[in-house]
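One-letter residues, chain by chain:
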Amino acid sequence: MYFATTLTSLALVGAAAAQNVINVTVGGTGNNLFIFSPSSVTANNGDVVQFIYAGMPGNHSVTQSSFANPCNPLSDGFDSGNILVPAGLPTTTSFPTWNLTITNQSQPIWFFCKQTLPGPHCSSGMVGSINAPTSGTNTFANFQAAAEKFQGIPPQNVGFLVGEGASASAAPGPLTGSFSGFGLPTLTTPASGAATGTSSTSAAGSTTTSSAAALNMKASTGLTVILAAVFGVAFA
Ligand SMILES: *[C@@H]1O[C@H](CO)[C@@H](O)[C@H](O)[C@H]1NC(C)=O
Ligand SMILES: *[C@@H]1O[C@H](CO)[C@@H](O)[C@H](O)[C@H]1NC(C)=O
Ligand SMILES: *[C@@H]1O[C@H](CO)[C@@H](O)[C@H](O)[C@H]1NC(C)=O
Ligand SMILES: *[C@@H]1O[C@H](CO)[C@@H](O)[C@H](O)[C@H]1NC(C)=O
Ligand SMILES: [Cu+2]
C-alpha cells in the first residue's frame, strides 16, 4: 500500500515535470536560407529548445552571443558548431538536432549563426532569441537590426556545451550519412586555469583570439580532420 502510494506520487511528480519541447528550425530553403524559425521563442526552466537543422542546403551554427554584440560569441557561451546539410534530401529526412535545456528562464538568451560562407550569415539577420524582452530597448527586433549592421567576420573559435542560461549535454546529432559537423563542442565550459577565451574582430575584419580560444581551435581542427577523413572514406 505504502509502496503503491509512493509510486503514484512519483508518477504525478513525473507528469508535473513533463518537459516542454520547443522546436526551432535552423536555416531555410530557396531564397530564405539564413533564418532561424521561429526566430524568437519563450521557454521555462527545464524546457528543451530543440534546434532542427532542416535548412537545405545548410551549414549553420547555433552560437550564443550578447544583445550588445550579436555576431560575436560569448567567451563562455554555448555553441553547436557548424552543421552541414547538403541540398536535395527529402523534407521527411531525420535531420540532425541539438537540444538546449533552459537553466535560467530569467535570462534573455541571444544567439546567432557564426557561419561565414559564402558570407557572414549573422549580418544577413540569422539570429535568434529565447526569452527576449518584448518591450524596451532589448527586443529581438532591435537585436536583429543590430546584427544586420554588423560588418566584421564572426570569429570561429569553438564554444561550449554549457552556456549562460541554457545548456546541452551532447553535440548535435546524428552526424552520419549525409551530415557532418565542424568545430563541434567537446568541453562543457572554458578549460579551468586557461585564460577565458575572448575574441574580437578588428575593424579590418581580421580575427584575434586569446589562448583558450586558440587551444579550442586546435582541438576543433583535429576533429574536423577526423570528420573529413571519415566522410572522405564514406564518399569515396
Ligand atoms: C518538434 O519536432 C519533432 C521532430 O521533428 C516532432 O516530432 C514534434 O512533433 C515537433 N513538435 C512540435 C510542437 O512541433
Ligand atoms: C561548412 O562549414 C565549415 C566550417 O565553416 C567549412 O569548413 C566547410 O567548408 C563548409 N562546407 C560547405 C560545403 O560549405
Ligand atoms: C538568472 O538570470 C538573471 C538575469 O540575468 C540573473 O540576475 C540571475 O542571477 C541568474 N540566476 C542564476 C542562478 O544564475
Ligand atoms: C533531442 O531530443 C529529441 C527528443 O525530444 C530526440 O529525439 C533527439 O535525438 C535529441 N537529439 C540529440 C542530438 O540528442
Ligand atoms: Cu547560418
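Looking up the chain in an unreviewed UniProt entry gives the name Cupredoxin, with the organism given as Schizopora paradoxa.

This brings us to the overall build of the chain. When you go through the chain residue by residue, the secondary structure sums to three helices and 14 strands. Looking at the chain as shown, the accessible area adds up to about 11400 Å², and 60% of this sits on carbon and sulfur atoms.

Attention now moves to the pairing of strand 10 (residues 127-130). Taking every second residue as pointing to the same face, both faces of strand 10 are buried, with Val127 and Ser129 on one and Gly128 and Ile130 on the other. Bridge analysis of strand 3 (residues 40-41) against strand 10 gives two bridges, and the strand direction is parallel. If you follow Ser40 over to strand 10, its bridge partner there is Ser129.

For the rest of this paragraph, the subject is the packing of aromatic side chains. Throughout the structure, instances matching the rule amount to nine aromatic pairs. An angle of 55° between the planes, with centres 6.3 Å apart, marks the rings of Phe95 and Phe179 as tilted. Highlighted residues: Phe95 in the loop between strand 7 (82-85) and strand 8 (97-102) and Phe179 in the loop between strand 11 (166-167) and strand 12 (180-182), separated in sequence by 84 residues. With a relative accessible area of 9%, Phe95 lands in the buried category. Ring geometry for Trp110 and Phe143: centres 4.7 Å apart, planes at 45°, overall tilted. In this pair, Trp110 sits in strand 9 (residues 109-112) while Phe143 sits in helix 2 (residues 140-149), placing the two residues 33 residues apart along the sequence. A residue is classified by how much of its surface remains accessible, and Phe143, at 0% relative accessible area, is buried. The structure contains a cluster of three or more aromatic residues connected by ring pairs, namely Phe36, Phe51, Phe78, Trp98 and Phe111.

To continue, consider the state of the cysteines. Within this structure, the stated rule accounts for one disulfide. Linked covalently through their sulfurs, Cys71 and Cys122 form a disulfide whose S-S length is 2.0 Å. Around the S-S axis, the bridge from Cys71 to Cys122 shows a dihedral of about -80° and counts as left-handed. Of this pair, Cys71 sits in the loop between strand 6 (63-65) and strand 7 while Cys122 sits in the loop between strand 9 and strand 10, and the two are 51 residues apart along the sequence. Accessibility assignment for this pair places Cys71 and Cys122 in one class, buried.

To continue, consider the nonpolar core. Among the nonpolar cores identified, the biggest contains 30 residues, and Phe51 and Val62 are the most heavily contacted of them. Elements with a minimum of two residues in this core: strand 1 (21-26), strand 4 (48-52), strand 7, strand 8 and strand 9. Setting aside anything within four residues of it in sequence, one finds Val62 in contact with Val26, Phe36, Phe51, Tyr53, Phe78, Asp79, Ser80, Gly81, Trp98, Phe111 and Phe112. Counting eleven residues, the second largest nonpolar core, distinct from the first, contains Phe112, Ala132, Phe143 and Phe150.

Moving on: the sheet that holds strand 7. Hydrogen bonds along the backbone pair up the strands of a sheet, which may run parallel or antiparallel. Spatial strand order, 5-7-12: three strands in an open sheet with antiparallel pairing. Taken across any chain shown, the strands that pair with only one partner, and hence form the sheet edges, are strand 5 (58-60) and strand 12. Each strand axis lies, on average, 15° off the axis of its neighbour in the sheet, ignoring direction. For strand 5 and strand 7, the ladder comprises three bridges, and the chain directions are antiparallel. What sits directly across from Gly58, in strand 7, is Val85.

Moving on to the environment of Leu74. Structurally, the position occupied by Leu74 is in the loop between strand 6 and strand 7. What makes Leu74 partly exposed here is its relative accessible area of 22%. Each C-alpha atom of the pair Leu74 and Glu164 lies 8.8 Å from the other, and the pair is 90 residues apart in sequence. Excluding its chain neighbours within four sequence positions, the residues that come into contact with Leu74 are Gln64, Ser65, Ser66 and Glu164.

Turning next to the sheet that holds strand 6. Here we have four strands laid out as an open sheet, ordered 3-10-9-6, and mixed in their pairing. Whereas interior strands pair on both sides, the edge strands pair on one side only; in this sheet they are strand 3 and strand 6. Note that strand 6 and strand 9 share three bridges and pair antiparallel. From the neighbouring strand, Gln64 faces strand 9, where its bridge partner is Phe111. Each of strand 3, strand 6, strand 9 and strand 10 is contacted by helix 2, which is oriented at about 155° to strand 10, the strand it contacts most.

Thresholds applied
Residues numbered from 1 in each chain as written. Chains lettered and ligands numbered in written order. Predicted model: local features only at pLDDT ≥ 70, side-chain atom pairs only at ≥ 80, totals over all residues. Heavy atoms only, no water. Helix = DSSP H or I, 4+ residues; strand = E, 2+ residues; numbered from the N terminus. Areas by Shrake-Rupley, 256 points an atom, 1.4 Å probe, with all protein chains shown as cover. Buried < 20%, exposed > 50% of the residue type's maximum accessible area, 1.4 Å probe, protein only. Pairing = 2+ DSSP bridges. Phe/Tyr/Trp six-rings, centres within 6.5 Å; stacked < 30°, edge-to-face > 60°. Disulfide = S-S within 2.5 Å. Core = buried A, V, L, I, M, F, W, Y, C linked by side-chain atoms within 4.5 Å. Contact = heavy atoms within 4.5 Å. Axes fitted to C-alpha atoms, helices over the stretch in contact; angles between N-to-C directions.

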